[in-house]
Amino acid sequence: GDEDGEDGRDGGGPITVRQAVVASLVHAYKAVVATSEALGEARAGLGGGVRHHPSPRDFLDLIKHFVGLVGEKRGELEETQRHLHAGLDRILETQTSVEELRQSLSSVEAKLEGKNLAANEKLSLMLDKQGEAEKEKEKQQVLVKDLAAKEADMAQRSQEAQVELAEAEPALLAAKEAVGGIKKASLDEVRALR
């Protein structure tokens, strides 16, 4: 091995991700070599076959393939993160819009409540005035009925007075003629009797 030891650590500190990856790749390569040797020996015992020995080039191909996979997965991860960030941004915008709409709604509700109170006060005032007007109308109707009754009573009295006057007028005219026929000397005599 090298100075870092077989697991890629350089002493006793915590292992980094890079060190863990290097140690895993070295371990995988050693496992492939061991498996290849075991298969080669098994084939040789069965009558031979071509033995394959993993070379450093194979190890470099493994690293190259691994780096390609890491790049591909990093790209996918970055795309997922961009997608998530865009979604979070939309959620935050929506949340801000909802909050603004809530505040606007609260303001509108407060104004509406004020207008409802004013409308209720006006309605109450109108109803009070309507009640007063109806009472006044009822009073006027009573007065009109009283006035009509009094006018009818006055008309009847006037008619009765006209009848009495018509009956009394001939007597009055007769008395006037009789008084007109009295001589002054007779009046003086009546006065002297007093």
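Rules and cut-offs
- Residues numbered from 1 in each chain as written.
- Predicted model: local features only at pLDDT ≥ 70, side-chain atom pairs only at ≥ 80, totals over all residues.
- Heavy atoms only, no water.
- Helix = DSSP H or I, 4+ residues; strand = E, 2+ residues; numbered from the N terminus.
- Buried < 20%, exposed > 50% of the residue type's maximum accessible area, 1.4 Å probe, protein only.
- Contact = heavy atoms within 4.5 Å.
- Areas by Shrake-Rupley, 256 points an atom, 1.4 Å probe, with all protein chains shown as cover.
- Expected span 1.5 Å × (residues − 1).
- Bend = angle between axes of the 7 residues up to and from the residue.
- Patch = residues over 30% accessible without salt bridge, like charges linked within 9 Å, V, L, I, M, F, W, Y side chains within 5 Å.
- Salt bridge = Lys/Arg side-chain N within 4 Å of Asp/Glu carboxyl O.
- Polar contact = N/O pair within 3.5 Å; in protein donor to acceptor, adjacent residues only side chain to side chain.
- pLDDT = per-residue confidence, 0-100.

## Points about the overall build of the chain
Argument step 1. What the chain contains, in helices and strands, is three helices and zero strands.
Argument step 2. Helices and strands appear in the chain in the N-to-C order α-α-α.
Argument step 3. The proportion of buried residues among the 194 residues of the chain is 5%.
Argument step 4. Intrachain contacts of the chain at a sequence separation of at least 6 include 34% that bridge at least 24 residues.
Argument step 5. About 17,200 Å² of surface is accessible on the chain, with carbon and sulfur atoms providing 59% of the total.

## Re helix H2 (residues 56-180)
Argument step 1. The terminal C-alpha atoms of H2, which comprises 125 residues, lie 175 Å apart, in line with the 186 Å expected from a rise of 1.5 Å per residue.
Argument step 2. At Ala 168, H2 is bent by approximately 35°, the largest bend along its length, and proline Pro 170 sits one to four residues beyond.

## A word on a nonpolar patch on the surface
Argument step 1. Together, Val 179, Ile 182 and Leu 187 give the surface a local cluster of nonpolar side chains, amounting to about 260 Å² of exposed area.
Argument step 2. Positionally, Val 179 belongs in helix H2.
Argument step 3. Note on Val 179: relative accessible area 56%, which makes it exposed.

## Description of the pattern of salt bridges
Argument step 1. Taken as a whole and judged by the stated rule, the model has five salt bridges.
Argument step 2. For Lys 73, the salt bridge goes to Glu 76, with nearest N and O atoms at 3.5 Å. With a gap of three residues between them, Lys 73 and Glu 76 both fall in helix H2, about one helical turn apart.
Argument step 3. Judged by relative accessible area, which is 47%, Lys 73 ranks as partly exposed.
Argument step 4. Overall, Glu 76 belongs to the partly exposed group, its relative accessible area being 40%.
Argument step 5. Linking Glu 99 and Arg 102 is a salt bridge whose minimum nitrogen-to-oxygen distance equals 3.8 Å. Taken together, the residues Glu 99 and Arg 102, both in helix H2 and three residues apart, mark about one turn of the helix.
Argument step 6. Under the relative-accessibility criterion, Arg 102 is labelled exposed at 51%.

## Considerations on the side chain of Gln 19
Argument step 1. Its location among the elements puts Gln 19 in helix H1 (residues 17-45).
Argument step 2. Under the relative-accessibility criterion, Gln 19 is labelled buried at 17%.
Argument step 3. A polar atom in the side chain of Gln 19 sits 2.9 Å from the backbone nitrogen of Thr 16.

## Thoughts on the confidence of the model for the chain
Keep in mind that low pLDDT regions are not for reading the predicted coordinates in detail.
Argument step 1. Scored by pLDDT, the chain comes out at a mean of 85, with 89% of its residues at no less than 70.
Argument step 2. Note on residues 1-9: pLDDT is under 50 here. Beyond four places in sequence and across chains, it has eleven contacts.

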